[in-house]
Amino acid sequence: MTDLAILNARGLDDFGNLVRQVRDDQWHDPTPCRQWDVRTLVNHVTVEQLWAPDVMAGKTIEEVGDRYSGDQLGADPVAAWSAAAAGARTAFSGPDALLGRVHLSYGDAAASHYCGEMTIDLVVHAWDLARAIGAGEQRDHELVGYALEQGEARGDQSATGFFDPPVPVSADADPLTRMLALYGRSA
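Residues numbered from 1 in each chain as written. Predicted model: local features only at pLDDT ≥ 70, side-chain atom pairs only at ≥ 80, totals over all residues. Heavy atoms only, no water.

We now examine the packing of helix α6 (residues 141–154) against helix α7 (residues 175–182). The N-to-C vectors of α6 and α7 enclose an angle of 45 degrees; their axes lie 9 Å apart at closest approach. When the axis of α6 is compared with that of α7, the two are oblique. At the point where α6 passes α7, the crossing takes the left-handed sense. Where α6 abuts α7, its residues Val-144, Ala-147, Leu-148, Gly-151 and Glu-152 lie against Pro-175, Leu-176, Arg-178, Met-179 and Leu-182. Looking at the contact of α6 with α7, its residues break down into 7 nonpolar, 1 polar and 2 charged. (Axes fitted to C-alpha atoms, helices over the stretch in contact; angles between N-to-C directions. Helix = DSSP H or I, 4+ residues; strand = E, 2+ residues; numbered from the N terminus. Parallel < 35°, antiparallel > 145°, perpendicular 65-115°, else oblique. Left-handed = near helix turned anticlockwise from the far one by under 90°. Contact = heavy atoms within 4.5 Å. Nonpolar A, V, L, I, M, F, W, Y, C, P; charged D, E, K, R; others polar.)

To continue, consider the packing of aromatic side chains. The way to describe two aromatic rings as a pair is by their centre distance and the angle between their planes. Across all of its chains, the model carries 3 aromatic pairs by this definition. For the ring pair Phe-92 and Tyr-114, a centre distance of 5.5 Å and an interplane angle of 55 degrees mean the geometry is tilted. On the criterion of sequence distance, the pair formed by Phe-92 in helix α4 (residues 77–93) and Tyr-114 in helix α5 (residues 111–133) is long-range, its members being 22 residues apart. Classification of Tyr-114 as buried rests on a relative accessible area of 6%. (Phe/Tyr/Trp six-rings, centres within 6.5 Å; stacked < 30°, edge-to-face > 60°. Buried < 20%, exposed > 50% of the residue type's maximum accessible area, 1.4 Å probe, protein only.)

With that settled, consider the pairing of strand β1 (residues 101–104). Two faces make up the sheet, and in a regular strand the side chains alternate between them. Only one face of β1 is covered, namely the one carrying Val-102 and Leu-104; the face carrying Arg-101 and His-103 has none of its residues buried. Here β1 pairs with strand β2 (residues 107–110) via 4 bridges, running antiparallel. Each bridged residue has a counterpart across the sheet, and for His-103 the counterpart in β2 is Asp-108. (Pairing = 2+ DSSP bridges.)

Our next topic: the environment of Leu-50. Looking at the secondary structure, you find Leu-50 in helix α2 (residues 38–56). Owing to a relative accessible area of 21%, Leu-50 belongs among the partly exposed residues under this scheme. Sequence-wise, Leu-50 and Ala-80 are 30 residues apart; in three dimensions their C-alpha atoms are separated by 9.6 Å. Beyond its immediate stretch of four places on either side in the chain, Leu-50 contacts Tyr-68, Gln-72 and Ala-84.

As structure tokens, then:
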């Protein structure tokens, strides 16, 4: 379980490094995510991190309510991201944090499953953000490997509503290309 918390922390670091690279004139640039600009993408991932401490503390979706609805980036998106990421990092890395169960929108699940979902989302959306802002699109090989392995095990992720249908790629495509394809992206 510790390895998953470490992978998640690396995903937070990777995404955070990209957030700090966004220039003032790029916040409204398009991203590979349909209908999302850079600010909307960063807000989405920030909101997910804001939820983590509450979810990991055992709160239900109903208890949290609409606390994190709307724009959570405010006037300083980098500071908002950094605070949210710090809270999520703490929530996932606590002693035995990933051994319990959590309440998610689709039902109860293992905390480790939730951390895994959050890690995958960080990896995929880091690539989205990198592409949108013109940063290097290569991602951490272990993070890519984890997202690829989990994507293959979980099947078509488009049913979640968060990802487009898988994109066909050749069998000899590199791991990043295969991972992206599973989550509806073309490298």
